[in-house]
Structures are given as C-alpha cells and as structure tokens.
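Working through the structure, step by step
So the chains spell out like this:
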Amino acid sequence: MDDLKNLDASDVLAGGGLDSKSPAFKDPHSLKSPSQKHPIPASTLSNKNIVVLIPAYQPDPMLLALTDSLLSLNFCVVIVNDGSPKNFDNIFSQINKNAILLKNAINLGKGAALKNGINFILNHYPALELIITADADGQHKIEDILKLKDTFFERENIDLVLGVREFDGEVPFRSKFGNKLTRLVFKAMFGKSLQDTQTGLRAFTPEFGKIILKNIYNGYEFEMEMLVEACNMGKNILQVPIKTIYINNNESSHFNPIFDSLSIYFVLFRHISNSLVTALIDYLVFAIAFSLGFGLLACMISGRVVSGSFNFIVGKTMVFKTKKNLKFELFAYITLTIILMFISMQGIKLISLYTGVSEIVAKPIGEALIFAISFFVQRFFIFTSKSMIVNGGGGGGLDVKPTNWEKYYSRRKNNHFKISNITRKISANMILNLIKNHKNINQICEFGGGDSCFYTAFREIYKNAYYVVYDKSQNGINAFNAKYIAPNIQRSKQEAHLVDLIENKNLKPKFDLVFSAGLIEHFDRKNTKTICIRHFEAAKSGGIVLITYPTPTLLYRVIRRSLERLNLWEFHDERPLFFDEVDSTCKEYGKLVARKLNFAIGLTQEILVYKKY
C-alpha cells in the first residue's frame with residue numbers, strides 16, 4: 001500500500017520484520033498520508049531522534065491536542081489505531097499529517113498495539129535514541145513527557161524510565177487499590193520496589209525495545225511483563241514522578257478491573273509455578289520411596305535430589321533467568337536444599353508425633369511453610385536480580401543517596417567504628433601479604449584514604465616510604481593530618497591532599513604502589529571505570545595497583561540486607577561489583593598478578609593486584 005494511512009497490522013505487526021529490501025518498507029522521510037503531498041519535515045526527527053508512541057483505542061479529541069503539542073516540540077509521533085470502531089474515524093482523520101498513523105485491522109489489545117508501533121519504529125528510524133510511550137486519554141501531560149526525556153539523558157546506563165504517579169488527591173478507588181496491590185505483589189515476587197507498576201508513560205532504549213518485542217502478551221499484561229523482563233535481565237530502571245491525572249473518574253479507561261487484573265496477576269504468579277511443580281515431584285518421589293519401605297531420611301533425600309535438580313534448572317533458565325555465577329548459585333542452592341530438607345524432616349516428625357498421622361500425610365503440611373521459605377530465599381539471595389531501581393526528579397523515596405563522607409569521617413574521629421577497625425586490620429594484613437614479594441616500594445599513594453585505616457600497618461613495613469593520600473573529604477584530610485604523624489618520621493614523609501579523582505586528569509605517574517580499599521564501588525559504571533584508570537595514571541611503569549571492592553556473595557547480601565532492615569546501613573550508593581566489570585578496564589593498563597576474596601570481614605571484598613605495563 002502506498003499511503004501511510006493505509007498501513008495496517010499485517011504490514012508492521014511486531015515480529016513481521018520489515019527491512020529496506022521489503023516491498024512494505026517505507027523511509028519515514030518519504031512516507032505520506034493521503035492528504036499530505038510533501039514529505040514529513042526533517043524537523044520532526046530532530047529532537048534527539050526520539051519517537052513518542054501512542055496506542056489508541058476509541059480515543060477522545062484530547063489525542064489531537066497531545067499530538068500537535070508533541071510535533072510542535074519536534075518529537076516524532078507514531079499513533080497506533082488499535083482497531084477502533086468506524087465512528088472514531090473522524091478523530092483519526094483529524095490527526096496532524098506530520099504524525100505517522102498505523103492501524104490494527106481489529107482490536108488486538110494495548111500490548112499488541114505497542115508491539116506494532118515498536119516494531120515499526122525500530123525498522124524505520126536507524127538513528128533512534130529513545131522510544132517514549134504515552135496514553136491517548138489525556139493522563140500524560142507534555143511537561144511530564146519532557147521530564148522523562150530530560151531525566152533519561154541526564155543519567156548513565158538507564159534502560160527503562162517509568163513515569164510514576166503518587167496517587168494523592170482524588171484518585172479512583174480501583175486505581176489506587178489495584179496499583180498498591182500489584183506493587184506489593186511485585187515487591188514480594190521480584191524484590192524490587194516500583195512505585196507505579198501500571199503506568200503507561202514509559203521510555204526505553206532501542207535495545208530494550210528489541211527485547212520486549214519478544215513479549216508474548218497482547219493486553220495490559222504486556223506492560224507488567226516488560227517490568228518482569230527488565231528485572232530478570234538486570235536492566236536499570238529509573239523512576240520519575242509525574243502528575244496523577246484522572247479525567248471523569250477515569251471513565252475513558254478500557255481497563256477491565258476483573259479480567260485485565262487477572263491477566264496481570266497471572267504474569268506475576270506464573271513465576272511460582274516452578275515451585276508448585278517441584279513440590280509435586282518431590283511428593284511423588286517421596287511417596288514412591290515411602291511405599292517401598294525406605295526410611296524417612298532416604299525418602300526425603302530421593303525426593304530432594306530429583307525435584308531439586310528440576311527446580312534449579314527451571315529456576316535458573318526460565319523463572320529467574322540468571323546467566324552468571326553458576327558455581328555460586330549451585331553451591332547456595334544445594335546448601336539451601338539440605339538445610340530445608342532437615343527442617344522439613346523435623347517438621348514432619350513433630351506433626352506425625354503430635355497428631356498421630358502418617359508421615360505421608362504430615363509431609364504436605366510441613367512442606368507448605370518450606371515452599372514459601374524456599375521461593376523467597378531463591379529470589380532474594382540466590383537468583384537475585386541485578387537490576388537497579390533509581391529515582392529521578394525527586395520524590396518516591398527511592399533515590400540512591402550518596403554516602404555522606406564528611407559525617408562518616410567525623411564519626412570515626414569519635415571512635416564509633418570499633419567493629420570496622422577490626423575488619424580493617426584483617427584487610428590490611430591480607431593486602432600486605434599480597435604485595436610483600438614486590439620490592440622497591442618507596443612511594444605509596446592511597447586513593448580515598450582520608451583518616452586512613454591502613455597507614456599504621458603500611459608504615460610498620462615501609463618505614464621510610466613516602467605516603468600520600470588523595471581524598472575529596474575535608475574532614476578526612478584533616479583527620480589524617482592530625483593523627484598520622486609517626487614517631488621518628490619526618491612530616492614530609494606523609495601528606496594528604498584534597499583531590500577530586502574523577503575530575504583531576506593531571507595525576508603524575510610517580511608512585512610505586514597505588515591502592516584503594518572500598519572506593520570504586522561508590523560510583524556509577526562510567527565513573528567506576530574512570531577511577532580505575534586514575535589508579536594506573538598515578539602509578540609508575542612497572543608499579544603496583546591494588547584495588548579492593550565488595551562483591552555480592554551470599555554472605556555479603558545477607559549481612560547488608562540485615563543492616564538495611566535495621567536502618568544501620570549508610571553506604572547507600574555502594575554497588576557490589578563483579579570481577580569482569582573491574583578487570584575489563586584494568587587489564588588494558590596492567591597485568592593481573594594476584595586475586596583474592598576476603599570472606600573474613602563478612603561484607604566480602606575482592607582484592608585485585610595489577611602490575612602496570
């Protein structure tokens with residue numbers, strides 16, 4: 001079909017795959033509507049190559065005003081008529097001719113309309129930077145769409161942006177209750193606090209758009225599955241507060257509070273089906289072994305081996321969809337299985353003892369509690385989602401707050417960190433053991449070492465070394481200068497300088513050893529890479545670079561989560577790192593000569609030692 005207005009679902013339906021060789025391919029610069037005799041102006045493609053996608057079913061005239069406003073700001077606009085009845089043709093015919101209008105031949109659902117539009121956009125906008133989805137019913141204001149766009153480009157490494165409503169003021173009961181319930185269920189199932197799981201105002205990268213095209217759902221549940229995929233695949237989600245608007249008590253909404261809610265909860269609860277099937281397999285194997293006359297322990301082991309193998313494989317590949325840490329996950333899972341098996345066995349014995357029922361009857365009663373424990377331990381500690389939920393634009397209480405280092409060093413001055421002093425001594429001994437074979441260390445630089453916990457230990461070994469600290473905290477620098485003037489060592493043998501290591505690009509390569517302990521994890525990916533490079537910039541050729549950082553072992557996660565629950569955790573921006581992220585940068589500048597995990601301090605740290613090229 002030659003006319004843009006006549007494009008329908010069969011031309012661009014998600015999964016159809018248009019390319020430049022296909023007869024149906026149209027360059028968006030050359031596409032014309034029936035009444036448009038000239039190409040779409042290039043200005044509509046100039047707003048950072050951003051396309052606003054609007055699925056529309058039985059829209060009201062507010063869609064026209066929204067489209068005009070977006071075009072006036074040089075956004076590209078793609079609207080999908082999701083099979084609206086003929087009597088709505090008068091509204092679609094009035095849409096600004098600079099917008100692109102697609103049409104599903106029948107009403108396929110919001111998810112299908114979104115996939116239709118996403119597929120078209122990905123095929124026709126090669127320089128695309130961002131897709132924004134907005135509803136056609138007037139709930140999303142231009143200023144909020146701009147807010148999403150601006151906040152996305154202000155942040156690094158964001159895959160999905162959600163425009164989250166605060167549900168204050170006059171909000172329909174079904175909307176407030178439904179969103180609150182899905183928030184709680186989502187938190188329980190995926191361990192992520194999303195303020196608004198049902199928002200239609202979203203923005204995402206083209207790469208994430210390709211991922212969600214594989215989403216099998218066509219209704220409102222498509223948007224819920226989008227969040228599930230983002231969490232399971234470790235995508236970073238940014239939440240931006242927007243206005244909460246409901247027009248005429250949300251009468252224009254086509255959301256069915258019964259059937260559409262059920263479809264959304266199906267998306268969530270299908271993730272526990274693995275545990276239910278596992279429980280059934282475990283019980284069947286247990287019952288067979290029990291009927292053959294085996295003892296309780298043998299029955300429990302046989303059931304756990306068969307069902308546990310099934311549960312681990314399906315849980316890793318289909319439910320939680322994690323792709324790394326196989327050794328850790330397998331070890332943690334086997335440990336969990338053994339612990340829960342003995343708890344379950346004791347529970348079965350107690351139930352059988354005090355009720356008089358057979359073990360075959362007592363088992364499902366005891367397993368009910370084990371089922372819940374097993375699922376949540378797997379979700380929160382074994383197959384954990386690596387996605388990060390951050391807040392943009394204020395509100396929501398989900399900001400990743402930077403650590404207050406001035407307060408931290410002030411409290412250290414008053415000796416409020418007795419436990420950390422012990423762990424630092426353990427770390428210092430381990431660090432010194434790793435570098436003891438490297439000779440001629442005469443100049444040492446510690447990054448982020450205000451009020452250094454390592455100076456005394458290093459000074460005992462390297463009595464005449466020149467020791468320099470770089471830190472951006474004035475309290476830390478003051479504390480170092482006040483405390484660490486070692487006996488019989490001239491003042492000139494140690495210095496502390498107020499330096500922003502991210503901004504400072506003029507470090508001189510003069511040190512034999514450059515190290516940091518617990519520094520690089522307090523930045524985003526971009527600045528973590530930068531701070532790693534700074535280590536090598538300050539080191540001499542052939543010098544040693546030593547970096548320590550927390551890594552998300554089970555032990556680390558259990559301790560940190562416990563401290564967070566007790567409101568005792570203050571390093572909110574601490575980002576436990578994997579070896580690959582750090583080594584991918586460091587190996588370009590030096591050779592890895594030592595690697596060690598420090599479990600003894602609880603909050604597990606990995607220590608890497610490099611020799612600069």
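Bear in mind that the values here come from a model prediction, so they are computed numbers and not experimental data. (Residues numbered from 1 in each chain as written. Predicted model: local features only at pLDDT ≥ 70, side-chain atom pairs only at ≥ 80, totals over all residues. Heavy atoms only, no water.)

So, on to the overall build of the protein chain. For the protein chain, the helix and strand inventory stands at 20 helices and 15 strands. Long-range contacts, defined here as pairs at least 24 residues apart, represent 76% of the contacts in the protein chain between residues at least 6 apart. If you sum the accessible surface of the protein chain, you get close to 28,600 Å²; carbon and sulfur atoms cover 58% of it. (Helix = DSSP H or I, 4+ residues; strand = E, 2+ residues; numbered from the N terminus. Contact = heavy atoms within 4.5 Å. Areas by Shrake-Rupley, 256 points an atom, 1.4 Å probe, with all protein chains shown as cover.)

Below, the discussion takes up the pattern of salt bridges. A full pass over the atoms with the stated rule returns 13 salt bridges. With its nearest N and O atoms 3.0 Å apart, the salt bridge here joins Lys110 to Glu223. You can see Lys110 sitting in helix H4 (residues 110-124) and its partner Glu223 sitting in helix H8 (residues 221-232), a full 113 residues away along the chain. This pair shows no difference in class: Lys110 is buried, exactly as Glu223 is. For Asp512, the salt bridge goes to Lys540, with nearest N and O atoms at 3.3 Å. Here Asp512 is found in strand S12 (residues 511-517), whereas its partner Lys540 is found in strand S13 (residues 539-550), with 28 residues between them in sequence. (Salt bridge = Lys/Arg side-chain N within 4 Å of Asp/Glu carboxyl O. Buried < 20%, exposed > 50% of the residue type's maximum accessible area, 1.4 Å probe, protein only.)

What follows is about the nonpolar core. The biggest cluster of nonpolar side chains holds 36 residues, and the ones touching the most others in it are Leu53, Val78, Ile118, Ile121, Tyr125, Leu160 and Phe186. Among the secondary structure elements, those contributing two or more residues to this core are strand S1 (50-56), strand S2 (76-82), strand S3 (100-104), H4, strand S5 (160-165), helix H6 (173-190), helix H7 (206-212) and H8. The element that contributes the greatest number of residues to this core is H8, accounting for seven residues. In terms of nonpolar packing, the next biggest core, distinct from the first, is built from 33 residues, Val52, Leu71, Ile95 and Leu201 among them. (Core = buried A, V, L, I, M, F, W, Y, C linked by side-chain atoms within 4.5 Å.)

This part takes up a nonpolar patch on the surface. A contiguous nonpolar surface patch, about 760 Å² in accessible area, is contributed by Leu297, Ile301, Val305, Val306, Leu326, Leu330, Ile334, Ile338 and Phe342. Those elements that place two or more of their residues in the nonpolar patch are helix H11 (296-319) and helix H12 (326-355). Within the fold, Leu330 resides in helix H12. Given a relative accessible area of 38%, Leu330 falls into the partly exposed group. (Patch = residues over 30% accessible without salt bridge, like charges linked within 9 Å, V, L, I, M, F, W, Y side chains within 5 Å.)

The next point concerns the sheet that holds strand S14 (residues 590-598). Pairing is mixed in the open sheet, where seven strands are placed in the order S11-S10-S9-S12-S13-S15-S14. Edge positions in the sheet fall to strand S11 (494-498) and S14, since each of these pairs with one other strand and no more. Each strand of the sheet is rotated relative to its neighbour by a mean of 15°, with strand direction disregarded. One ladder, built from four bridges, connects strand S9 (residues 443-447) with S12; its direction is parallel. (Pairing = 2+ DSSP bridges. Axes fitted to C-alpha atoms, helices over the stretch in contact; angles between N-to-C directions.)

Another aspect to go through is the pairing of S14. Alignment of S14 against strand S15 (residues 605-612), held across eight bridges, turns out to be antiparallel. Paired with Lys591 across the bridge in S15 is Lys611. The antiparallel pairing of S14 with S15 creates a hairpin that spans six residues between the two strands, and Gly602 there sits at a positive phi of about 90°.

Moving on to the confidence of the model for the protein chain. In the predicted model, the protein chain carries a mean pLDDT of 79, and the fraction of residues at 70 or more is 77%. A low-confidence stretch, residues 1-46 stays under pLDDT 50, and its non-local contacts, those more than four residues away or across chains, total 85 contacts. Per-residue pLDDT stays below 50 along residues 393-399; that stretch engages in twelve contacts with residues further than four places along the chain or on separate chains. (pLDDT = per-residue confidence, 0-100.)

Another aspect to go through is the side chain of Arg202. On the secondary structure map, Arg202 appears in strand S6 (residues 202-204). A polar side-chain atom of Arg202 sits 2.8 Å from the main-chain carbonyl oxygen of Thr199. If sequence neighbours within four positions are ignored, Arg202 has contacts with Ile131, Ile132, Thr133, Leu148, Leu160, Val161, Leu162, Thr197, Glu223, Met226 and Leu227. (Polar contact = N/O pair within 3.5 Å; in protein donor to acceptor, adjacent residues only side chain to side chain.)

What follows deals with the packing of aromatic side chains. Overall, the coordinates contain 15 aromatic pairs when judged by the stated rule. Between Phe152 and Phe153 the ring centres are 5.0 Å apart and the planes differ by 85°, which places this aromatic pair in the edge-to-face class. Given the relative accessible area of 9%, Phe152 is considered buried. Linked through ring pairs, Phe454, Tyr455, Phe458, Tyr462, Tyr467, Phe480 and Phe515 together constitute an aromatic cluster. Sitting over the face of the ring of Phe286, Lys363 holds its NZ or CZ atom 4.7 Å from the ring centroid. (Phe/Tyr/Trp six-rings, centres within 6.5 Å; stacked < 30°, edge-to-face > 60°. Lys NZ or Arg CZ within 6 Å of the ring centre and 35° of its normal.)

All right, on to the pairing of S3 then. Judged by how many residues are buried, S3 sits mostly within the fold: four of five residues are covered. Sheet analysis places S2 next to S3, joined by five bridges and oriented parallel. Bridged to Val78 within S3 is Ile100.

With that settled, the discussion passes to unusual backbone geometry. Here the phi dihedral of Gln58 falls at roughly 50°; this positive angle occurs in a residue that is not glycine. Mapped onto the elements, Gln58 comes out in the loop between S1 and helix H2 (62-72). Positive phi outside glycine occurs at Asn74, with the angle close to 70°.

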